[in-house]
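Secondary and tertiary structure notes
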Amino acid sequence: MYLSRFLSIHALWVTVSSVMQHYPSVWGHYDVCKTQIYTEEGKIWDYMACQPEATDMTKYLKVKLDPPDITCGDPPETFCAMGNPYMCNNECDASTPELAHPPELMFDFEGRHPSTFWQSATWKEYPKPLQVNITLSWSKTIELTDNIVITFESGRPDQMILEKSLDYGRTWQPYQYYATDCLDAFHMDPKSVKDLSQHTILEIICTEEYSTGYMTNSKIIHFEIKDRFAFFAGPRLRNMASLYGQLDTTKKLKDFFTITDLRIRLLRPATGEIFVDEQHLARYFYAISDIKVYGRCKCNLHATVCVFDNNKLSCECEHNTTGPDCGKCKKNYQGRPWSPGSYLPIPKGTANTCIPSISSIGTNVCDNEFLHCQNGGTCHNNVKCQCPAGYTGILCEKLRCEEAGSCGSDSGHGARAQGSLTLLVALLGITGPRLF
């Protein structure tokens, strides 16, 4: 018996310890928008902030190249090997699938040997600049949750700018500059994210960390999201409460990680040297094998699901909100101004639900979320509460004896007070356990 009890206690302790160990990591998931709780009047909805899970957002983007004919292979041309810039017998041919390098290969699952990649034309028109804009568009506001990672199959460019848009490509702002020589390329002193702090986290920097030439182990460029998160959440992102608190109260910080479009501006290919070898221009080009952008649909903390339908992302809004980002209140639920949900207080946040309009009471008397029929009444087609004997009113909140004037001096006082409070709670959209 003692052994059995010990094993049970030990199993319970292991379970509790595991939950405590992982609890900080689940802060901020906000994967439930509402849950039912029990009160003296029955079940009611308890609302909380919620958001979709993060995912690989490259599955949902559209890509555009400028100039549009910059991809190699039309007409066919030869280029130099990646590892040996003087072995120039490789061919790019858009009409032959095995030799073609179209832009969609930046986002495919690797399967073709040795790897699949998009490739630009070579720098055959030197000294005219070889420049390419790669625009990634979602037609939806998204929030970044992990590093942006670009893997080059060529050498990493000597000069590059990563830009973002918050208005579907109408205007652009720099995210980060990349160069082998920041001062020469962009008139900026070189920095890394490690040089920043909580107070300078929004600074746009130029980094030389990712701009080397032909090196087999140096293909990747990062835009460091997690390193910026770490200024608030700690190096292992365990203090999510601090991070979400900052995102909740600092709009500029939240906007910094929010985008509708990204643009990769390739300004100068990898040369590996100060001077361009004009006798071997086929060694200069851009090639990208993979781009990773992790994030979630921005739903203003009013949805846990984002659907992709007809090549378009949209939030499945709750809390009586609507719109592609859940950015406004539904019709008849404009009893107070729309507001985004709040991450605070941790861990459930605040839903900031849209509440019924007073003018809509006549057409939307009751429903299954806010306007509950009281005192045992049942809602019929959202237009009428069917009240039990002894009660009347829009939400069955009144005693019938009140209308007849036959209630005793004390018999209806408590019920009247409670009925009025219940109606007020229902109209204002206040949820949660009863205060009284």
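For the structure itself, look to the data block above.
1. Comments concerning the state of the cysteines
Scanning the model with the defined rule gives ten disulfides in all. Note on cysteine connectivity: Cys317 is disulfide-linked to Cys326, with sulfurs 2.1 Å apart. On the sign convention where negative is left-handed, the bridge of Cys317 and Cys326, at about -95° about the S-S bond, is left-handed. Judged by its relative accessible area of 0%, Cys326 falls in the buried class. Here Cys329 is linked by a disulfide to Cys354, with a sulfur-sulfur distance of 2.0 Å.

2. A word on the environment of Tyr47
With respect to the element layout, Tyr47 can be found in strand β2 (residues 42-47). Measuring from C-alpha to C-alpha, the distance between Tyr47 and Glu318 comes to 9.6 Å, with 271 residues separating the pair along the chain.

3. Some words on the side chain of Glu153
Tracing the backbone through its elements, the reader meets Glu153 in the loop between β9 (148-152) and β10 (159-165). There is a polar contact of 3.4 Å between the side chain of Glu153 and the side chain of Lys219.

4. Overview of the sheet that holds β9
Strand order in the open sheet formed by four strands is β7-β15-β9-β13, and the pairing between neighbours is antiparallel. Edge positions in the open sheet fall to β7 (118-119) and β13 (220-223), since each of these has one partner strand only. Sheet analysis places β9 next to β13, joined by four bridges and oriented antiparallel. Residue pairing for β13: Thr151 is matched across the bridge by Ile220.

5. A few points about the packing of aromatic side chains
For the structure on display, the rule yields 14 aromatic pairs. Judged by centre distance (5.3 Å) and plane angle (65°), the rings of Tyr175 and Phe256 are edge-to-face. Of the two residues, Tyr175 is situated in strand β11 (residues 173-179) and Phe256 in helix α5 (residues 251-256); the sequence distance between them amounts to 81 residues. You'll find Tyr175 and Phe256 in the same group, each marked buried. Here the aromatic rings of Phe223 and Phe256 are separated by 6.3 Å at their centres, their planes lie at 40°, and the arrangement is tilted. With a gap of 33 residues between them, Phe223 in strand β13 and Phe256 in helix α5 connect regions that are remote in the sequence. You'll find Phe223 and Phe256 in the same group, each marked buried. One aromatic cluster is present, built from ring pairs that chain together Tyr175, Phe223, Phe229, Phe256 and Phe257. Directly above the ring of Trp45 sits Lys34, whose terminal nitrogen or CZ lies 4.4 Å from the centroid. One cation-aromatic arrangement involves Arg263 over Trp172; the distance from NZ or CZ to the ring centre is 4.3 Å.

Definitions and cut-offs
Residues numbered from 1 in each chain as written. Predicted model: local features only at pLDDT ≥ 70, side-chain atom pairs only at ≥ 80, totals over all residues. Heavy atoms only, no water. Disulfide = S-S within 2.5 Å. Buried < 20%, exposed > 50% of the residue type's maximum accessible area, 1.4 Å probe, protein only. Helix = DSSP H or I, 4+ residues; strand = E, 2+ residues; numbered from the N terminus. Polar contact = N/O pair within 3.5 Å; in protein donor to acceptor, adjacent residues only side chain to side chain. Pairing = 2+ DSSP bridges. Phe/Tyr/Trp six-rings, centres within 6.5 Å; stacked < 30°, edge-to-face > 60°. Lys NZ or Arg CZ within 6 Å of the ring centre and 35° of its normal.

Limitation: the analysis is restricted to geometry and does not speak to function.
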